[in-house]
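# Topology and contacts: notes
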Amino acid sequence: MGKAASRSSALQARAIATLWRALAGRRLATLWRLARLVGPLVHRFSRREREVTATNLAEVYPDQGADERRRLARQSLTHSAATMLEIGFAWQGAPERVEASILAVHGRELLDEARAEGRGVIVLAPHFGNWEVLNFWLSSHFPFTAMYEPPKIAELDAVTRAGRERMGASLVPTNPRGVAALLKALKRGEAIGILPDQEPDWGSGVFAPFFGRLAYTATLLPKLVARTQARVVTGVARRLPGRGFEIHFLPADERVYATDEAESATGVNACVEAAIALDPAQYQWEYKRYRKVIQEQEGDPHHREFRIY
């Protein structure tokens, strides 16, 4: 990276970090009002986010009318804007304020029962609601380990780490050393977090249905379950706009415990679908979940024709 690019990256990081600090003390009602201003602007002026969101919604909700999908797309981008605006609150807000914003916790008994049995807990945390608030709650109440990939803007790494680790979470790298750390945590009967809806690199996943279309899905979960007998739950922090959040822990689809990787991945995607059903507008639909296609894996020279992005 050249000096000019490095300077630009540092300035960008400083501006973002300053914004997060400035927003950390704001009321959630204020942040939601800002999100309602920013979300429609993103929908109108950010072609990439608008088109990917529209493509995904057309794929997963083909029976909805076009007007209904457009309304859902705008709502989804507003919730995504809210998540970004709430980062300062989740990472730097007074801990008692963040804790007080969590108005209910549903399904905590799933974690407590597993720990009482001496079993570790794998929390599947899809990009729904505010996953940083979920991290705050988990690391406040349990020994908690999660994989961590540094941000694209390297200068934000220290801020990101400090925010996610401040309540005691342990962040480990997305490599074999990190996987070993996850295994050790589970064998100690602790909780770990996995992002179930990120597309893995080739060789680290299998194709499994997600809302009826094949999506390349990570196969880390069955490996962890097979070696630890951990319990799997889905966890999300559902936003109550302007008021706070409700944490939901949902029982995992039983297929996640299968030794067959394709069946386990199908169960993982079903868990994500169940979380989305709580409020489809709170899912981050602007992510290219279907970027990889099975025709590419099979070596079909015309595989690009099967892509939707």
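Please refer to the structure higher up on the page.
Reference entry: report on the structure contained in this document.

Quick notes on the rules
Residues numbered from 1 in each chain as written. Predicted model: local features only at pLDDT ≥ 70, side-chain atom pairs only at ≥ 80, totals over all residues. Heavy atoms only, no water. Buried < 20%, exposed > 50% of the residue type's maximum accessible area, 1.4 Å probe, protein only. Helix = DSSP H or I, 4+ residues; strand = E, 2+ residues; numbered from the N terminus. Pairing = 2+ DSSP bridges. Axes fitted to C-alpha atoms, helices over the stretch in contact; angles between N-to-C directions. Contact = heavy atoms within 4.5 Å. Salt bridge = Lys/Arg side-chain N within 4 Å of Asp/Glu carboxyl O.

By the alternation rule, side chains of strand S5 (residues 191-194) split into Ala191 and Gly193 and Ile192 and Ile194, which are all buried. Looking at chain direction, strand S2 (residues 121-124) and S5 are connected through 4 bridges and run parallel. What sits directly across from Leu124, in S5, is Ile194. Here strand S3 (residues 144-148) pairs with S5 via 3 bridges, running parallel.

Across the sheet, which stays open at both edges, the 7 strands sit in the order S1-S9-S8-S2-S5-S3-S4 with mixed pairing between neighbours. Looking along the sheet, the strands with just one partner apiece sit at the ends: strand S1 (102-106) and strand S4 (170-173). Geometrically, the sheet is characterised by an average inter-axis angle of 25 degrees between neighbouring strands, direction not taken into account. Sitting on the sheet, helix H9 (residues 157-165) is in contact with S3 and S4, with an inclination near 160 degrees to S3.

What follows is about the pattern of salt bridges. All told, the structure shown has 18 salt bridges when counted by the stated rule. For Asp112, the salt bridge is made with Arg108, and the minimal N-O distance between the two is 3.2 Å. One end of the pair is Asp112 and the other is Arg108, both in helix H7 (residues 108-116) and 4 residues apart, which spans about a single turn. Overall, the relative accessible area of 30% leaves Arg108 in the partly exposed class. Among the ionic pairs, Glu261 bridges to Lys223, the shortest N-O distance being 2.9 Å. Note that Glu261 is positioned in helix H12 (residues 261-276) and Lys223 in helix H11 (residues 220-228), a separation of 38 residues in sequence. Look at the salt bridges and you will find they share partners, linking Glu113, Glu117, Arg119 and Arg231 into a network.

Limitation: the analysis is restricted to geometry and does not speak to function.
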